Amino acid sequence: MAGAGSSIGNMEDEPPSHTTPLLRGQRWRHRLFRLPCATSLRIKATVWSELGGSVGDLGTYIPIVLALTLVSHLDLSTTLIFTALYNIATGLLFGVPMPVQPMKSIAAVAISESPHLTVPQIMAAGISTASVLLLLGATGLMSFFYRFIPLPVVRGVQLSQGLSFAFSAIKYIRYNQDFSSGKSGSPRTLIGLDGLVVAVFSLLFLILCTGSGDSVDDDHGQSLERPNTSLNRSQSQRRVRRRLQVLSAIPAALIVFLFGLLLCFLRDPSILKDLELGPSKIHLLKFTWEDWKIGFFRAAIPQIPLSVLNSVIAVCKLSADLFPDREVPASATAVSISVGAMNLVGCWFGAMPVCHGAGGLAGQYRFGGRSGASVVFLGIGKLILGLVFGNSFVRILGQFPIGILGVLLLFSGIELAMASRDMNTKEESFVMLVCAAVSLTGSSAALGFGCGILLFLILKMRQMECHSWGGFLNFNSKSLLHGEAAGQLQSMEV
């Protein structure tokens with residue numbers, strides 16, 4: 001006991017242990033991980049999976065950026081730097097792989113219509129569209145639209161956008177493309193560094209690794225939980241599941257993209273000589289009244305309804321579908337303000353007008369993106385390319401195999417279109433399909449949206465009783481009932 005008492009006394013005389021700083025470090029690390037930005041960057045799958053998902057929306061990003069750079073002389077360096085900052089910011093704020101994609105309607109007008117829009121006119125269209133979205137978000141009107149727009153109409157917009165991406169992807173794979181004119185050329189050759197064999201090989205590799213897009217647990221988790229009478233069958237299922245887990249862990253989209261970059265230098269080795277280090281000088285653009293007028297009437301007016309429907313409402317609904325366990329889902333107000341803020345900052349300096357596209361979110365999710373880290377990785381990559389290579393990076397993009405871009409775009413489009421599979425009744429499917437058909441035929445999401453809303457209201461009115469059509473009819477029906485009751489009372493008194 002004396003020995004024990006002396007040992008206790010010696011322990012009390014010893015200096016404090018050096019474990020306290022470590023405990024403090026763990027405490028600060030615990031507090032750091034509880035910050036909102038750290039929660040957004042918490043990787044929910046694997047690092048390789050998030051890296052694979054980061055390139056999921058490049059099938060739409062690269063062709064439009066390349067076309068605007070070649071036709072309208074867009075400053076590629078400025079666009080890469082600003083969109084990189086947008087990616088990093090949205091990844092931290094939303095915590096999901098929220099994409100940053102070009103405003104497609106503005107890009108289509110700038111490229112295809114004659115005369116081509118100048119850079120100030122393109123930026124004026126982006127600022128005008130951003131101002132409308134910022135106003136709708138700040139006033140709460142966007143949340144009102146999101147709550148009251150019928151789900152079948154939203155699904156119709158998603159289905160039309162997804163099929164449009166898929167149709168464009170098939171054209172990229174089958175035909176040579178001239179992005180400067182926006183037209184398809186001759187059929188793609190079978191053999192070559194950008195031939196059909198390369199595209200089909202990339203397609204089969206992605207299908208082999210990612211399957212139909214479902215997780216391994218969704219495919220085989222339930223079957224393994226069922227009691228099996230045969231031990232061999234149970235072991236076989238475990239082997240299949242293990243093989244699927246290995247395949248799904250491969251960053252297939254990232255490998256295909258890096259393979260495309262390698263083919264760029266093989267197709268034209270002189271690219272290395274043309275590369276110049278350093279970004280271009282960022283400067284404030286000068287606008288004239290004519291730039292504002294042309295940009296608004298020719299490009300902003302067709303872009304605004306597309307941005308409201310596909311960049312805000314469809315994105316929020318798709319985000320809620322893909323991430324149902326998220327405590328704070330992406331709200332229509334936050335997404336609308338985000339689109340407005342990005343363009344009201346970058347467009348003044350010549351950065352391409354951008355938005356949050358549902359197709360990009362579907363593509364990044366399809367290839368493994370499950371958190372904000374996915375788009376943060378993409379933003380870091382864009383920032384490095386913009387700062388290191390600047391405008392000379394267009395030489396690499398110009399040689400990127402279009403067939404591989406088509407394969408990436410095809411998966412994004414199919415994933416977005418499959419979001420419409422939850423229409424359970426014939427009436428919902430009818431509204432969705434009519435909305436999608438009108439959107440595809442008329443090449444206008446706003447036209448399809450209007451037809452879908454009108455059709456939905458007609459079908460609902462058809463099922464309503466006369467006394468529930470509105471306040472006026474409700475009032476008349478009530479007065480009529482009161483009149484009948486009064487007449488009955490008078491007859492009883494007589």
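## Brief notes about the overall build of the protein chain
Argument step 1. Along its length, the protein chain carries 24 helices and four strands.
Argument step 2. Among the 494 residues that make up the protein chain, the fraction classed as buried is 46%.
Argument step 3. Summarising the internal contacts of the protein chain: among those between residues at least 6 apart in sequence, 83% fall at separations of at least 24.

## Things to note about the environment of Leu-275
Argument step 1. With respect to the helices and strands, the residue Leu-275 is situated in the loop between helix 15 (271-274) and helix 16 (289-322).
Argument step 2. Residue classification places Leu-275 among the buried positions, given a relative accessible area of 18%.
Argument step 3. With 119 residues separating them along the chain, Leu-275 and Val-394 place their C-alpha atoms 9.3 Å apart.
Argument step 4. Sequence-distant contacts of Leu-275, that is, excluding residues within four places in its chain, are made with Phe-389, Ser-392 and Ile-396.

## A word on unusual backbone geometry
Argument step 1. Cis geometry is adopted by the peptide bond preceding Pro-115, which originates at Ser-114 and carries an omega value of 0 degrees.
Argument step 2. Mapped onto the elements, Pro-115 comes out in the loop between helix 7 (104-112) and helix 8 (119-139).
Argument step 3. Non-glycine residue His-73 carries a positive phi angle of around 60 degrees.

## Structural notes on the pattern of salt bridges
Argument step 1. Tallying each qualifying case throughout the model produces eleven salt bridges.
Argument step 2. Between Arg-298 and Glu-113 there is a salt bridge whose closest N-O contact spans 3.4 Å. With Arg-298 in helix 16 and Glu-113 in the loop between helix 7 and helix 8, this residue pair connects regions lying 185 residues apart in the sequence.
Argument step 3. Overall, Arg-298 belongs to the partly exposed group, its relative accessible area being 23%.
Argument step 4. On the basis of relative accessibility, which here comes to 35%, the residue Glu-113 falls in the partly exposed class.
Argument step 5. Note that Arg-395 and Asp-274 form a salt bridge whose closest N and O atoms lie 2.9 Å from each other. Of this pair, Arg-395 sits in helix 20 (residues 394-398) while Asp-274 sits in helix 15, and the two are 121 residues apart along the sequence.

## Some details on the pairing of strand 3 (residues 183-187)
Consecutive side chains along a regular strand alternate between the two faces of the sheet.
Argument step 1. Relative to strand 3, strand 2 (residues 175-178) runs antiparallel, the two sharing three bridges. Residue pairing across strands places Tyr-175 opposite Pro-187, the latter belonging to strand 3.

## What to know about the packing of aromatic side chains
Argument step 1. Scanning the model with the defined rule gives 13 aromatic pairs in all.
Argument step 2. Aromatic side chains Phe-82 and Tyr-86 sit 6.3 Å apart centroid to centroid with 50 degrees between the ring planes, which places their arrangement in the tilted category. With Phe-82 and Tyr-86 both in helix 6 (residues 76-94) and four residues apart, the pair spans about one turn of that helix.
Argument step 3. Judged by its relative accessible area of 7%, Tyr-86 is buried.
Argument step 4. Among the aromatic side chains, those forming a connected cluster through ring pairs are Phe-82, Tyr-86 and Phe-349.
Argument step 5. Above the face of the Tyr-365 ring, Arg-370 is positioned so that its terminal group lies 3.7 Å from the ring centre.
Argument step 6. The aromatic ring of Tyr-61 is capped on one face by Lys-382, whose charged end is 3.9 Å from the ring centroid.

## Some remarks on the layout of surface pockets
Argument step 1. Within this model, the largest pocket holds a volume of roughly 1300 Å³.
Argument step 2. Of all the secondary-structure elements, those providing two or more residues to the lining of the largest pocket are helix 5 (58-71), helix 7, helix 10 (151-174), strand 2, strand 3, helix 16, helix 22 (426-442) and helix 23 (445-463).
Argument step 3. Broken down by element, the residue count for the lining of the largest pocket peaks at eight residues, all from helix 10.
Argument step 4. Looking at side-chain class alone, the lining of the largest pocket contains 17 nonpolar, 15 polar and four charged residues.

## What about helix 4 (residues 47-54)?
Argument step 1. Restricting attention to buried positions, one finds in helix 4 the residues Ser-49, Glu-50, Gly-52, Gly-53 and Ser-54.
Argument step 2. Looking at the buried residues of helix 4, the elements they touch are helix 14 (252-267), helix 18 (358-366) and helix 19 (373-388).

## Regarding the confidence of the model for the protein chain
Argument step 1. For the protein chain, mean pLDDT is 83; residues scoring 70 or higher make up 81% of the total.
Argument step 2. Between residues 219-229, whose pLDDT stays under 50, and residues either more than four places distant or in other chains, the model counts 14 contacts.
Argument step 3. Segment residues 471-494: pLDDT under 50, and three contacts once partners within four positions in sequence are set aside and those in other chains are kept.

## A closer look at the nonpolar core
Argument step 1. With 112 residues, the main nonpolar core has Leu-68, Met-123, Leu-206 and Leu-318 as its most contacted residues.
Argument step 2. Counting residues per element, this core draws most heavily on helix 16, which supplies 14 residues.
Argument step 3. Ignoring sequence-local partners within four residues, the contact set of Met-123 consists of Leu-74, Leu-285, Phe-287, Cys-347, Gly-350, Ala-351, Met-352 and Pro-353.
Argument step 4. The next biggest cluster of nonpolar side chains, apart from the first, holds five residues, and it includes Ala-417, Met-423, Met-432 and Ala-436.

## Section: empty space enclosed by the protein
Argument step 1. Per the stated rule, a full pass over the model turns up two cavities of 30 Å³ or more.
Argument step 2. When its volume is computed, the largest cavity comes out at roughly 50 Å³.
Argument step 3. With five residues, the single largest contributor to the lining of the largest cavity is helix 16.
Argument step 4. Here the lining of the largest cavity is composed, by residue class, of four nonpolar, five polar and one charged.
Argument step 5. Of the voids in this model, the second largest cavity is the one considered here, and its volume is about 40 Å³.
Argument step 6. Lining the second largest cavity are Ile-149, Val-153, Val-154, Val-157, Leu-309, Ile-313, Ala-314 and Phe-449.

Cut-offs applied
Residues numbered from 1 in each chain as written. Predicted model: local features only at pLDDT ≥ 70, side-chain atom pairs only at ≥ 80, totals over all residues. Heavy atoms only, no water. Helix = DSSP H or I, 4+ residues; strand = E, 2+ residues; numbered from the N terminus. Buried < 20%, exposed > 50% of the residue type's maximum accessible area, 1.4 Å probe, protein only. Contact = heavy atoms within 4.5 Å. Salt bridge = Lys/Arg side-chain N within 4 Å of Asp/Glu carboxyl O. Pairing = 2+ DSSP bridges. Phe/Tyr/Trp six-rings, centres within 6.5 Å; stacked < 30°, edge-to-face > 60°. Lys NZ or Arg CZ within 6 Å of the ring centre and 35° of its normal. 1 Å grid on protein atoms, 1.4 Å probe; cavity = no way out; pocket = protein on both sides within 12 Å on 5 of 7 lines; lining within 4 Å. Points joined across faces, edges and corners; volume = space filled by probe spheres on them. Nonpolar A, V, L, I, M, F, W, Y, C, P; charged D, E, K, R; others polar. pLDDT = per-residue confidence, 0-100. Core = buried A, V, L, I, M, F, W, Y, C linked by side-chain atoms within 4.5 Å.

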